[in-house]
Amino acid sequence: MHWLVNEQKRRNAGGQSRWSAYTRHRQELAARLLRPAPSPPGPLCVLGAGNCDDLELASLTRRFPEVHLVDIDSEALEGAASRQSEADRSGLRLHGGVDLTGCWDKLNRPTSGKALSDAEVAEAIRLAEQGAAADFGGPFSAVASTCVVSQLIDSAVLSLGEHHPRLLELIIALRTAHLRLLCRLTAPGGRAVLATDFVSSVTVPELNSAIEPDWRALLADILPRSNFFHGLNPLVLLSLFQSDQELSQCTGGAEFTGFWRWNQGSRIYAVCAIEFTRMR
């Protein structure tokens, strides 16, 4: 099995039983996904669903006729479905084993332990720019990316190393292709939500405070110092919906709809939500 898949399975296994800790994060996502939808609403698609501890699946299956859950980890999805009532489970559609990068096969570590060749990195970038194959249905009336883009980017860092000369190129390719995938999966008139973690309490200890951060002040402090995860400056993410031709043509732009903290036990993550409506 691919080592990146194994790593994701390891993380999902370690992240189980965090239902209580994820309460705020889950509520924030639910508030966005359960907003009034087209009548009657069509299906919902969630990218990076994993263990689904951040999803109110019971509420979602009652709002949407189908809830499509997409992740590389089939076992995590099956486990999440098994924890639902029979009635709620009937509305779920599981799509496991889906590589949302489109290039994980090229990021496999050679058995020799040597770094990837220049040709292998170039091919990975080409495939990342091309994007993942969306062969799990759609278009959907609502689509959500639930803190998976940071994991996709992390796969590039793990594979190439933080100082590889083409790391940024690969990150940009993965990030842009993921936003385009969100757009392509969304039906005209439908809504999409991009939720992503962008920094943690490891480098921003203020996130540990009992008091909710002043998000405007926090961003003004950390962004000029590049104190955020690779490729996940929230302002840059938002600007891509105007600067990227495909995104601007199909969305007409996007907007922030909130910032919140995500408690993962050993550390706290800052999360932002960006939403758009598919125009055409």
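The model shown is predicted, which means the values in this text are computed figures rather than measured ones.

A. Expanded view of the packing of helix H6 (residues 118-130) against helix H8 (residues 167-185). For the pair H6 and H8, interaxial distance at closest approach is 7 Å and the crossing angle is 20°. By the angle class used here, H6 and H8 are roughly parallel. The two elements H6 and H8 meet at a crossing, and its hand is left-handed. Between H6 and H8, the residues in contact are Ala-124, Ile-125, Ala-128, Glu-129 and Gln-130 and Glu-169, Leu-170, Ala-173, Leu-174, Ala-177 and Arg-184, respectively.

B. View of the packing of aromatic side chains. On inspection of all chains with the given rule, the structure shows seven aromatic pairs. Seen from their ring centres, Phe-241 and Phe-276 are 5.3 Å apart, and the 45° between their planes marks the pair as tilted. Taken together, the residues span a long stretch of sequence, with Phe-241 in helix H10 (residues 234-243) and Phe-276 in strand E7 (residues 268-277) at a distance of 35 residues. Accessibility expressed as a relative area gives 0% for Phe-241, which makes it buried. In this structure Phe-276 comes out as buried when scored by relative accessible area, which is 4%. Seen in terms of ring centroids, Trp-262 and Tyr-269 are 6.1 Å apart; in terms of plane orientation they differ by 50°. Their pairing is tilted. Trp-262 gets classed as buried once you look at its relative accessible area, which sits at 8%.

Conventions we followed
- Residues numbered from 1 in each chain as written.
- Predicted model: local features only at pLDDT ≥ 70, side-chain atom pairs only at ≥ 80, totals over all residues.
- Heavy atoms only, no water.
- Axes fitted to C-alpha atoms, helices over the stretch in contact; angles between N-to-C directions.
- Helix = DSSP H or I, 4+ residues; strand = E, 2+ residues; numbered from the N terminus.
- Parallel < 35°, antiparallel > 145°, perpendicular 65-115°, else oblique.
- Left-handed = near helix turned anticlockwise from the far one by under 90°.
- Contact = heavy atoms within 4.5 Å.
- Phe/Tyr/Trp six-rings, centres within 6.5 Å; stacked < 30°, edge-to-face > 60°.
- Buried < 20%, exposed > 50% of the residue type's maximum accessible area, 1.4 Å probe, protein only.

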